[in-house]
Amino acid sequence: MYRKILLAVDGSDNSMRAGKQAAQLASLIKGVEVTVVYVSDFDEDSNEKYHDGGSLEFELSRKKKIQPIREALDREEIYYKTEVMHGRPGPVIIDMANEGEFDLVVIGSRGLNPISEIVLGSVSHKVVNQVHCAVLVVK
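Because the structure is predicted, anything quoted here is derived from the model rather than measured. Just so you know, the residues in each chain are numbered from 1, in the order the chain's sequence is written. Given that the model is predicted, a residue must reach a pLDDT of at least 70 before its local features are reported, and side-chain atom pairs must reach 80 or more before they are shown or counted; all residues, however, enter totals for whole chains, interfaces and linings. Side-chain descriptors were evaluated using all non-hydrogen atoms of the structure, hydrogens and water having been removed beforehand.

**Focus on the overall build of the chain**
(1) Moving on: The helix and strand labels rest on DSSP assignments: H or I over at least four residues marks a helix, E over at least two residues marks a strand, and numbering proceeds from the N terminus. Each helix and strand in the chain was counted, giving six helices and five strands.
(2) Moving on: When the helices and strands of the chain are placed in sequence order, the string is β-α-β-α-α-β-α-β-α-α-β.
(3) Moving on: In this scheme, a residue with accessible area under 20% of its type's maximum is buried, one over 50% is exposed, and one in between is partly exposed, where area comes from a 1.4 Å probe on protein chains only. Per-residue burial over the chain gives 40% buried out of 139 residues.
(4) Moving on: We call two residues contacting when some pair of their heavy atoms lies within 4.5 Å. Intrachain contacts of the chain at a sequence separation of at least 6 include 76% that bridge at least 24 residues.
(5) Moving on: Reported accessibility uses the Shrake-Rupley method at a 1.4 Å probe radius. Residues are deemed covered only where the shown protein chains occlude them. Taken as a whole, the chain presents about 8,200 Å² of accessible surface, with 50% of it coming from carbon and sulfur.

Structure below.
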């Protein structure tokens, strides 16, 4: 069964649903370790300097986005750790999943329409195709 789960979140509704699914799944597995990763992309990082409160306010904003997921994991009494990474979400999540030897990646689907997904690509699509473990995509 799964021993290490990587939960990729971005604060979206689908990400919140993915977090709840990961918490429910992890609650069924004794000794599971969940790593919650929030990837701050380059566009978000470049806008950081425009926040009035500076980097502290920006960091609080990031933590607020993942707070409901932390609460869901706490309710289920799941051991987890949180990491905030910087870069393009797809490659960062893929590298983290493969290098960290995770058994499962749980990620929300952004729900792009088919044309947008072809043109832009989707993080979940890239993750599904490039990680070396199982992936649960939640809509």
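**Quick word on the pairing of strand β1 (residues 4–9)**
(1) Moving on: The element β1 is extensively covered by neighbouring structure, given that five of its six residues are classed as buried.
(2) Moving on: Looking down the strands as they point away from the viewer, one classifies a crossover as right-handed if the path from the first strand across the helix to the second runs clockwise. This β-α-β element, β1 to helix α1 (residues 13–27) to strand β2 (residues 33–40), shows right-handed connectivity.
(3) Moving on: Bridge analysis of β1 against strand β4 (residues 104–108) gives four bridges, and the strand direction is parallel. Looking across to β4, one finds that A8 is bridged to I107. Between any two strands, at least two bridges found by DSSP are needed for them to pair.

**Observations regarding the confidence of the model for the chain**
(1) Moving on: In the predicted model, the chain carries a mean pLDDT of 85, and the fraction of residues at 70 or more is 81%.
(2) Moving on: By mean pLDDT, the top-scoring element of the chain is β1 (97), and the lowest-scoring one is helix α2 (residues 42–46) (53). Confidence of the predictor at the level of single residues is captured by pLDDT, which takes values from 0 to 100.

**What to know about the pattern of salt bridges**
(1) Moving on: We define a salt bridge as a contact between a side-chain nitrogen of Lys or Arg and a carboxyl oxygen of Asp or Glu at a distance within 4 Å. A complete count under the given rule lists one salt bridge for this structure.
(2) Moving on: Among the ionic pairs, E33 bridges to K81, the shortest N-O distance being 3.7 Å. Of the two residues, E33 is situated in strand β2 and K81 in strand β3 (residues 80–86); the sequence distance between them amounts to 48 residues.

**A closer look at the environment of F102**
(1) Moving on: Assignment of secondary structure puts F102 in the loop between α4 (89–99) and β4.
(2) Moving on: A sequence separation of 32 residues divides F102 from A134, and the C-alpha atoms of the two residues are 8.8 Å apart.
(3) Moving on: Setting aside residues no more than four positions away along its own chain, F102 makes contact with K4, I5, L6, T35, M96, A97 and C133.

**With respect to the sheet that holds strand β5 (residues 134–138)**
(1) Moving on: Pairing is parallel in the open sheet, where five strands are placed in the order β3-β2-β1-β4-β5. Of all the strands in the sheet, the pair left with one neighbour each is β3 and β5. This sheet shows a mean twist of 20° between the axes of neighbouring strands, independent of strand direction.
(2) Moving on: Helix-sheet contacts for α4 involve β1, β2, β3 and β4, and the interaxial angle to β2 is about 155°. Only the contacting stretch of a helix is used when fitting its axis, a line to C-alpha atoms as for every element, and angles between N-to-C directions run 0 to 180 degrees.

**Considering α1**
(1) Moving on: Here the expected span of a helix is defined as 1.5 Å times the quantity of residues minus one. The terminal C-alpha atoms of α1, which comprises 15 residues, lie 21 Å apart, in line with the 21 Å expected from a rise of 1.5 Å per residue.
(2) Moving on: Three or more residues of α1 are buried, namely N14, S15, M16, A18, G19, A22, A23 and A26.

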